[in-house]
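These are the residues of each chain, in order.
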Amino acid sequence: MSKTTILIFLVIILFAGFILSLCLGSVLLSPSQIIDALFSAKSSIYTDIIVEYRLPKAITAVIAGMALSISGLLMQNFFRNPLAGPFVLGVSSGAGLFVAILIMTGWYAGLSLGSIDIHQSTVVSIAAILGAMAVLLLLLLIQSINKDYTTLLIVGLMISSAVSAVISLIQYFSQSQDIQRYLLWTMGSLGALSWWEISGLAIALLVCVTVLVIIIKPLNALNLGESYALSMGVKVQTVRILILLTSGVLAGMITAYCGPIGFIGLAVPHLSRQFLKTFHPAWLIPGTAITGGAILLFCDIIAQVPGMDFVLPINTVTALFGAPWVIIYLLRKKLSGTFN
Amino acid sequence: MTDKYNDIALEFDSLSIGYSKNEPVATNLSAKVSWGENIALVGQNGSGKSTLLKTLSLLQAKLHGTITINGKNSDHLDDKDKAQFTGIVLTRREVIANMTVEDLVMLGRYPFTPWHGRLTKEDLKKVSNALEATGIYKKRKSLLSELSDGQLQKAWIARVLAQESKILFLDEPTSFLDQPSKMEIFGLISDLVRKENKTVITATHDLDLAIQKCHRFWLLNEKGELVDKLPEELIMDGSINDLFAGKGFEFDLDQGRFIRKNKFSRNYNIKGSPHLVKWVEHAFNKHNISENIPEKLSVTESDKKLIFRLGEKEFTRMSQFLESIKSM
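Residues numbered from 1 in each chain as written. Chains lettered and ligands numbered in written order. Predicted model: local features only at pLDDT ≥ 70, side-chain atom pairs only at ≥ 80, totals over all residues. Heavy atoms only, no water.

**Observations regarding the overall build of chain B**
We count it as follows: Strands are runs of DSSP state E lasting at least 2 residues, helices are runs of H or I lasting at least 4, and numbering of each runs from the N terminus. When accessible area is computed with a 1.4 Å probe and restricted to protein chains, residues below 20% of their type maximum are described as buried, those above 50% as exposed, and intermediate ones as partly exposed. Here, two residues are considered to be in contact whenever any of their heavy atoms come within 4.5 Å of each other. Shrake-Rupley sampling with a 1.4 Å probe provides the accessible areas, and residues are treated as covered by the protein chains on show and by no other component.
Along its length, chain B carries 10 helices and 16 strands. The C-alpha extent of chain B, read off along each of the three principal axes, is 80 × 45 × 35 Å. Relative to its full complement of 328 residues, chain B shows a buried share of 50%. For chain B, long-range pairs separated by at least 24 residues make up 63% of all intrachain contacts whose partners lie at least 6 apart in sequence. Accessible surface, chain B as shown: approximately 16,900 Å² in total, 47% of it carbon and sulfur.

Next comes the structure, spelled out in structure tokens:
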């Protein structure tokens, strides 16, 4: 199969998943009811379910899946390390820290004005963005001092664990309802975004992808390693910063609005490399994005528990239901050659 | 040479190389090289061969001094000039997952393609020229992971050829290759120099081949000096021994290779044609046969059969011959 065929195939799966996620939920709807709800002039009882709930959730799932997968791909290629993912730089830990401080020091109680759902709070999202950006800036600073990839990777992991320790410490001194609020945030949610927030995420994703398209040629050259890239006239330092920024922003913004969603960013790049059998980022980036969007959509459908009136936390679904399939698929492959 | 080219391809003057000014790897290096010269850069491990190659190919910043490429100070070259004049093949022969030989060589056209990186017909022509020049055109659709070490090296050399750099820097292109592949690579380098008038600077430990093929040696010795001489000259004046200084080897002028010191000095007095006697001595040496060697030894060969004589006894197998001498 040619790469184009595979991409088209993936798009079809994504599209099918999208329709499916609109149909399935606590109330099962047929596609015709959905079309009715979306396009007919008079609003039915389903219009609210679709427009206010299912549609934003499905779109969020696609955007989050795409953003996290691209971020993971960038990190794996940047560090030439198959174990890297969107969170190796400690971006989600930074977001988590700021959220923990906000919730558990009591500021949240003063600011939230009675908001019940931790995922619906703009204040929390802003705190998470600030936390992610703080870690990202710290890493940019570190990489300007020491350009060694392995050093940066280890420092990123150490920041993550140091920050986790601080979060534990804050938890230790906090009240139980605050700890529960924080834990709820870490479980992730795709269903709490307003249309404004979704538009913001979509624009940010678009900007990041545009940056990647602009630097697609140097990204490809970096496959040969930094020395060869330099010898071919690549502005390596600029490209490094752009990769770190793009990946950090993608991971950070999704963490801010949906919580730290695991597994997708680590696993999906490996899947798309296996599907497309290519090294070229011009294929890998769209392939990874579409696969990631589709997988998170299907995870979300499972999280809905169709026909039931409760929802599972998305983070548990990606780990419990998504991971086994990917593991089964990858068990039959050999990934050791991905990077030397 | 067209007018575009200066007579001197590359010149460097009072050059210091290394990663930090406090601990330079080597200082005050000077040499020049013309177009169509084939230079071997030799020296013990850690003498700074790789650092010098990376500095001259402008991959690594110099600490001090000037580098002049085609008459232009290297500080004033833009990225495209750099790519046009200098191309490097590093020691590590990387295998990139899912990449074919052709993909790799196509990346050689990188400095000349537009932002999206797509190749024109002319670019593709240059890619297939490079594949043909290195003799791996037939392997162009193979994945890098499917190649032998020698083919992989040729693929990486083809990449730098596609870049059409006028000066090539090769860092130990023959390390970990088998002897025929080593010879092929050195033959390829000679061809590039002769047919395309390229200047090639090869860091290498394969002295035998470098002595055969390279016009000049740049020897980085223990004192951190760069000795710029013809290989023959280095052999004749003995400075080639600097390469193995303190390691108990010396260059044997007759044999044209390095041998352990103080061997082959004993005259065993074996009768037979010289080329046969030489190899018997070789075996004696290796088996430490130096005491109590009997007088009447000879070796003859007819119709691919060897006959070793020890007094009245005859042997057709060398091992039996050696055993019987040892047991005396």
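**Quick word on the sheet that holds strand E5 (residues 72–73) of chain B**
Residues and elements named next belong to chain B. Put simply, the rule reads: When DSSP finds two or more bridges between two strands, those strands count as paired.
Strand order in the open sheet formed by four strands is E2-E1-E4-E5, and the pairing between neighbours is antiparallel. Two strands in the sheet have a free side with no partner beyond their single neighbour: strand E2 (26–34) and E5. Here two bridges tie strand E4 (residues 64–69) to E5, and the two strands are oriented antiparallel to one another. Note that in E5 the partner of Ile69 across the bridge is Lys72.

**Topic: a nonpolar patch on the surface**
Residues and elements named next belong to chain A. Convention followed: Here a patch means residues that are over 30% exposed by relative accessible area and free of salt bridges, tied together within 9 Å if like-charged and within 5 Å if nonpolar (Val, Leu, Ile, Met, Phe, Trp, Tyr). What makes a salt bridge here is a side-chain nitrogen of Lys or Arg within 4 Å of a carboxyl oxygen of Asp or Glu, nothing more.
A surface patch of nonpolar side chains, about 540 Å² in accessible area, is lined by Ile302, Met308, Phe310, Leu312, Leu320 and Phe321. Of note, Ile302 is situated in helix H14 (residues 281–304). Assessed through its relative accessible area of 34%, Ile302 is described here as partly exposed.

**A short note on the environment of Asp48 of chain A**
Tracing the sequence through the fold places Asp48 of chain A in helix H3 (residues 45–79). Linking Asp48 of chain A and Leu38 of chain A, residues 10 residues apart in sequence, is a C-alpha distance of 9.6 Å.

**Considering helix H5 (residues 149–162) of chain B**
Going by this rule: The length a helix should cover is 1.5 Å for every residue beyond the first.
Over its 14 residues, H5 of chain B runs 20 Å from end to end, which matches the ideal 20 Å to within 8%, given 1.5 Å per residue. Where H5 of chain B is concerned, the buried positions are Gly150, Leu152, Gln153, Lys154, Ala155, Trp156, Ile157, Ala158, Arg159, Val160, Leu161 and Ala162 of chain B. Check the buried side of H5 of chain B and you find it contacts helix H11 (226–231) of chain A together with strand E6 (86–89), helix H3 (101–107), helix H4 (121–133), strand E7 (167–171) and helix H6 (179–196) of chain B. A positive phi of about 55° marks Glu164 of chain B, the residue just after H5 of chain B.

**Considering the packing of aromatic side chains**
Defined as follows: Aromatic pairs are defined between Phe, Tyr and Trp rings, using the six-membered ring for Trp, whenever the two ring centres lie within 6.5 Å; interplanar angles under 30 degrees are classed as stacked, those over 60 as edge-to-face, and all others as tilted.
Enumeration over the complete set of coordinates arrives at 11 aromatic pairs over all chains. The interplanar angle of 90° and the centroid separation of 5.0 Å between the aromatic rings of Phe78 of chain A and Phe79 of chain A together place this pair among those described as edge-to-face. Of the residues examined, Phe78 of chain A reaches a relative accessible area of 5% and is grouped as buried. Their ring planes at 35° and their centres at 6.5 Å tell us that Trp35 of chain B and Phe85 of chain B sit as a pair that is tilted. Taken together, the positions of Trp35 of chain B in the loop between E2 and strand E3 (38–43) and Phe85 of chain B in helix H2 (residues 79–85) put the pair 50 residues apart, joining distant regions of the chain. Phe85 of chain B sits in the buried class, given a relative accessible area of 10%.

**What about the pattern of salt bridges?**
Residue and element names in this part refer to chain B. Using the criterion set out here, one finds 22 salt bridges over all chains in the structure. For Asp228, the salt bridge identified is with Arg216, shortest N-O distance 2.7 Å. Taken together, the residues span a long stretch of sequence, with Asp228 in strand E10 (residues 226–229) and Arg216 in strand E9 (residues 216–220) at a distance of 12 residues.

**Considerations on the confidence of the model for chain A**
To keep things clear, this is the line we draw: A score from 0 to 100, pLDDT tells how confident the predictor is in each residue.
Mean pLDDT for chain A: 88, with 95% of residues reaching 70 or above. In the model of chain A, helix H5 (residues 107–111) of chain A stands out as the element of lowest mean pLDDT, 60, in contrast to helix H10 (residues 216–221) of chain A, which has the highest, 96.

**Details of unusual backbone geometry**
Keep in mind that most residues, glycine aside, have a negative phi and that most peptide bonds are trans. Residue and element names in this part refer to chain B. Phi at Phe176 takes a positive value of approximately 65°, unusual for a residue other than glycine. With respect to the helices and strands, Phe176 occurs in the loop between E7 and H6. The exposure class of Phe176 is exposed, given its relative accessible area of 74%. A positive phi angle, near 55°, is found at Asn197, a position not held by glycine. Here Asn197 is to be found in the loop between H6 and strand E8 (199–203).

**With respect to the interface of chain B and chain A**
To keep it simple, the criterion reads: Buried area, as used here, totals the accessible surface that two parts lose on assembly, with accessibility defined by a 1.4 Å probe and the loss added over both. Here a polar contact is taken to be a pair of N or O atoms separated by no more than 3.5 Å, where protein atoms must pair a possible hydrogen donor with a possible acceptor and residues adjacent in sequence count only if both atoms sit in side chains.
Contact residues are listed per partner, giving 26 residues for chain B and 24 residues for chain A. When chain B packs against chain A, the two sides together hide about 2,200 Å² of surface, and 60% of this comes from carbon and sulfur. On the chain B side of the interface with chain A, the three residues burying the most area are Asn98, Tyr110 and Trp115 of chain B, jointly 29% of the side's total. Summed over the shared surface of chain B and chain A, the result is two salt bridges. As a salt-bridge pair, Asp79 of chain B and Lys235 of chain A come within 2.5 Å of each other at their nearest N and O atoms. For the pair chain B and chain A, the number of links is six residue pairs in polar contact (both at pLDDT 80 or more).

**Focus on the state of the cysteines**
We apply this condition: In this description, the term disulfide denotes a pair of cysteine sulfurs within 2.5 Å.
Counting across every chain of the model gives zero disulfides over all chains. Of the cysteine sulfurs around Cys23 of chain A, a residue in no disulfide, the closest is that of Cys299 of chain A, at 18 Å.

**Some details on the sheet that holds strand E13 (residues 270–271) of chain B**
Through backbone hydrogen bonds, the strands of a sheet pair up, either in parallel or in antiparallel fashion. Residues and elements named next belong to chain B. Our working rule: Lines fitted to C-alpha atoms define the axes, with helix axes restricted to the stretch in contact, and inter-axis angles between N-to-C directions lie between 0 and 180 degrees.
Taken together, four strands build an open sheet; the order of strands is E13-E14-E15-E16 and the sheet is mixed. One side of each edge strand has no neighbouring strand; the edge strands of this open sheet are E13 and strand E16 (313–315). Across the sheet, helix H9 (residues 274–286) is in contact with E13, strand E14 (297–302) and strand E15 (305–310); its angle to E14 comes to roughly 125°. Packing of helix H10 (residues 318–326) onto the sheet brings it into contact with E14, E15 and E16, and relative to E15 it is tilted by some 10°.

**With respect to the pairing of E4 of chain B**
Residues and elements named next belong to chain B. Note that strand E1 (residues 8–17) and E4 share five bridges and pair antiparallel. Across the sheet, residue Leu10 finds its bridge partner in E4, namely Ile69. The turn linking E4 back onto E5 is made up of two residues, and Asn70 within it adopts a positive phi angle of 50°.

**Here we look at the side chain of Ser16 of chain B**
For Ser16 of chain B, the position within the fold is in strand E1. The residues contacting Ser16 of chain B, other than those within four sequence positions of it, are Ala26, Thr27, Asn28, Lys62, Leu63 and His64 of chain B.

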